[in-house]
Amino acid sequence: MRYSKSLIPTVKEVPADAEIPSHQLMIRAGMMRKLASGTYIYLPSGWRILTKVMNIVRDEMNESGAQEILMPAVQPMELWQQTGRNVDYGPTMAHFTDRHGRENVLAPTAEEVVTSIAAGEINSYKQLPINLYQISFKFRDEFRPRFGVLRSREFMMKDAYSFHADEKSLDETYKIMYETYCRIFSRCGLKYAIVEAESGEMGGSSSHQFTVPCESGEDIIVQTEDGSYAANLEKAPVDALPKAKRDKKYDKVQEVHTPNQKTIDEICVFLKANAKELIKSLVYKSGSELILVLVRGDFEINPEKLRCAAGKSIELADEETIKKLTKAEVGFAGPVGLAEKVNKFIIDHSVLTIEAGITGANKTDYHIKNVIPGRDFPIEGKNVIIADIRNAVEGDTYKGKKLLFKRGIEVGQVFKLGTKYSSKLGAKFLDKDSVEKPCIMGCYGIGINRIAASTIEISHDDDGIIWPISIAPYEVIIVPAGNGDEILKAAEELYNELIAADVEVLLDDRDARGGVQFKDADLIGIPIRVTIGAKSIAENNAEIKLRRDKEITKVPLQKTKEKIIELIEKLKAELDVDA
Ligand code: ATP
Ligand code: MG
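Our subject in this report is the structure included herewith. Computed from a predicted model, the values in this text were never measured in an experiment.

Parameters at a glance
- Residues numbered from 1 in each chain as written.
- Chains lettered and ligands numbered in written order.
- Predicted model: local features only at pLDDT ≥ 70, side-chain atom pairs only at ≥ 80, totals over all residues.
- Heavy atoms only, no water.
- Near = heavy atom within 4 Å.
- Polar contact = N/O pair within 3.5 Å; in protein donor to acceptor, adjacent residues only side chain to side chain.
- Areas by Shrake-Rupley, 256 points an atom, 1.4 Å probe, with all protein chains shown as cover.
- Helix = DSSP H or I, 4+ residues; strand = E, 2+ residues; numbered from the N terminus.
- Nonpolar A, V, L, I, M, F, W, Y, C, P; charged D, E, K, R; others polar.
- Donors = N, O, S within 2.8 Å, 3.2 Å for Na, K, Ca; no water.
- Buried < 20%, exposed > 50% of the residue type's maximum accessible area, 1.4 Å probe, protein only.
- Axes fitted to C-alpha atoms, helices over the stretch in contact; angles between N-to-C directions.
- Left-handed = near helix turned anticlockwise from the far one by under 90°.
- Contact = heavy atoms within 4.5 Å.
- Pairing = 2+ DSSP bridges.
- Core = buried A, V, L, I, M, F, W, Y, C linked by side-chain atoms within 4.5 Å.
- Phe/Tyr/Trp six-rings, centres within 6.5 Å; stacked < 30°, edge-to-face > 60°.
- Lys NZ or Arg CZ within 6 Å of the ring centre and 35° of its normal.

Section: the site of ligand 1
1) Next: Around ligand 1 there are 14 residues in total, and Arg 140, Glu 142, Arg 151, Ser 152 and Glu 410 lie nearest to it.
2) Next: At 2.8 Å from an oxygen atom of ligand 1 is found a side-chain nitrogen or oxygen belonging to Arg 140.
3) Next: Separating a nitrogen atom of ligand 1 from a side-chain N or O atom of Glu 142 is a distance of 2.8 Å.
4) Next: Out of a free accessible area of 590 Å², ligand 1 has 83% covered by protein chains.
5) Next: Going through the elements one at a time, β8 (154-164) and β22 (401-418) are the ones with two or more residues in the shell around ligand 1.
6) Next: Tallying contributions element by element places β22 first for the shell around ligand 1, with 4 residues.
7) Next: By residue class, the composition of the shell around ligand 1 is 5 nonpolar, 4 polar and 5 charged.

A word on the coordination of the magnesium ion (ligand 2)
1) Next: Protein coordination of the magnesium ion (ligand 2) is provided by Glu 410 (OE) and Gln 413 (OE1), with donor distances spanning 2.0 to 2.3 Å.
2) Next: Looking at Gln 413, the relative accessible area reads 10%, which means it is buried.

Structural notes on the packing of helix α2 (residues 44-63) against helix α11 (residues 448-458)
1) Next: With their axes 9 Å apart at the nearest point, α2 and α11 run at an angle of 115° to one another. Judged by the sense of rotation from one axis to the other, the crossing of α2 with α11 is right-handed. Contacts between α2 and α11 involve Ile 49, Leu 50, Val 53, Met 54 and Val 57 from the former and Ile 448, Asn 449, Ile 451 and Ala 452 from the latter.
2) Next: The class makeup of the residues in the contact of α2 with α11 is 8 nonpolar, 1 polar and no charged.

Concerning the sheet that holds strand β5 (residues 95-97)
Strand pairing in a sheet relies on backbone hydrogen bonds, with the paired strands running either antiparallel or parallel.
1) Next: If you trace the 3 strands from one edge of the open sheet to the other, you get β4-β6-β5, paired in antiparallel fashion. Edge positions in the sheet fall to β4 (74-76) and β5, since each of these pairs with one other strand and no more. Averaged over all pairs of adjacent strands, the angle between strand axes in this sheet comes to 35°, irrespective of strand direction.

Thoughts on the nonpolar core
1) Next: Among the nonpolar cores identified, the biggest contains 52 residues, and Tyr 181, Phe 185, Val 411, Tyr 444, Ile 448, Ile 451 and Trp 467 are the most heavily contacted of them.
2) Next: With sequence-adjacent residues up to four places away left out, Tyr 181 is seen in contact with Lys 158, Phe 210, Gly 412, Gln 413, Val 414, Tyr 444, Gly 445 and Ile 446.

Things to note about the packing of aromatic side chains
1) Next: Under the definition given, this model contains 9 aromatic pairs.
2) Next: Ring geometry for Tyr 192 and Phe 210: centres 6.1 Å apart, planes at 45°, overall tilted. In this pair, Tyr 192 sits in the loop between α6 (167-187) and β9 (193-196) while Phe 210 sits in strand β10 (residues 206-213), placing the two residues 18 residues apart along the sequence.
3) Next: Relative accessible area serves as the criterion here: at 25%, Tyr 192 is assigned to the partly exposed category.
4) Next: Judged by its relative accessible area of 0%, Phe 210 is buried.
5) Next: Pairing Phe 345 with Phe 377 gives two aromatic rings, centres 6.0 Å apart and planes at 75°, and the pair type is edge-to-face. You can see Phe 345 sitting in strand β17 (residues 344-348) and its partner Phe 377 sitting in the loop between β19 (366-371) and β20 (384-387), a full 32 residues away along the chain.
6) Next: For the cation-ring pair, Arg 48 lies above Tyr 474, with the distance from its terminal atom to the ring centre recorded as 4.1 Å.
7) Next: In this arrangement the basic side chain of Lys 416 is found over the ring face of Tyr 174, its NZ or CZ atom lying 4.9 Å from the centre.

Everything listed is a geometric property; what it means functionally is a separate question.
Dropping the structure here:
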């Protein structure tokens, strides 16, 4: 490609809304332009990069035995109603009514649609297992689109769905997908960490996330000090803290007047107490069932862990329900006298570390002190569950090992789904004994744009992007420094030789100053730069520089092509997962 004919509009200015390096650099390097909040136009170099990522993904998916299909971007709402996800997905799902009054969904994912294919086409165990995937745009009306294409509203996703006759077969494909993901990310040059994740809302039993550790990541990765266990924050289990010793006689519960003091912080200041003495009480519901949940004042409830402890999806109760139950304004609930009135009572381990605590009095503007767990409210019994339902924090351990925290970007996730979708959408098959069963499913997603953006996050410097050769827009850039006929002639010759050798090369034939050319080459991040200038013509050599290194190597002009091909092979070999 000739730079003069290409559209790679590099800019100096950093867009005002671009907070992180990948977003800034993707705009500055002329890869993309913003169309509207969370939607981007990919310009030629940006699309070349995404195409390369897609090709790696496609290559590895095909190699794994999966088959590519393409499903529509517009899906009938009816399918989502059958699984109930029209409600569960919430406002993130964009939808519209067509001219015939039918409700449609802009695909945020495709479990429902792919399961409808299985319902129609699969009838026998002999057709199983099967793994179908697509690479297509998804739309999610993200609450806060930001960080460029790390969290955009429209993004390219590879989504795969597998169907099985039994758990063992699902386990096998899950393992193959897990290994395929490792190969994909390694070939893209990404340094990644695999963490256990909650399969939560998806309805399954097991899940792993592939994350790229970096500062701008929105996920928190929790890892034991020795690296033997890693999970995301939604999942990360913690050891129970030592229970309080209660060997003295305690005074009776005492009521204290706390006008308008509702939050933990307010109570702490007002009563000169430490949050570690406070028992936070929250009322949840699931249908008509009421659930009282306790956690120590200095901890946060982890919704995923709470859902697991409750054994189903539950949500915070509304104001009316809380008022009716506690007979007080919201902010004054407590377990004393209330524990017996709810259907379930879930207590985080941390509450048992409290010797004598402070909690709401179930009376507006009042709290109670000297609350002894086990004396003033039950800590065992039929409806009582003691569980780990809080977020891990600095200082926690798991299986005796200290937990460390770092940020990461989720680039892919694999799930064991079970039969949630197949049973609701009638994807059944006849097994060996002619018994009808729902297919057991797995699903596997990868964010194509997120791979590109997270690569930039971990691979850039002050001058611009440093692409790994496998997903770089071009492998080589030739910079003719100066305008002499001989310079241009030598550059053109090398350009033609490289094209003939199938090298992806960009020739900077623009009528620009050398400084501008070098700056752009660094910004765009092409792995190999070849410079031919007046001096090199005089000395009969070209200067080769790797974007990631400082050194410049001089090579005789006649040997430049071979040297470049050798370098490309070397850079590719570094990413070769089969080597
Ligand atoms: P997140 O938790 O970051 O919102 P998710 O868990 O909802 O992501 P999945 O449903 O697992 O995402 O989608 C599969 C992959 O699609 C993710 O691993 C991620 O790489 C990518 N992805 C999801 N949402 C976005 C988005 N808004 N912008 C870009 N990529 C996304
Ligand atoms: Mg995910």
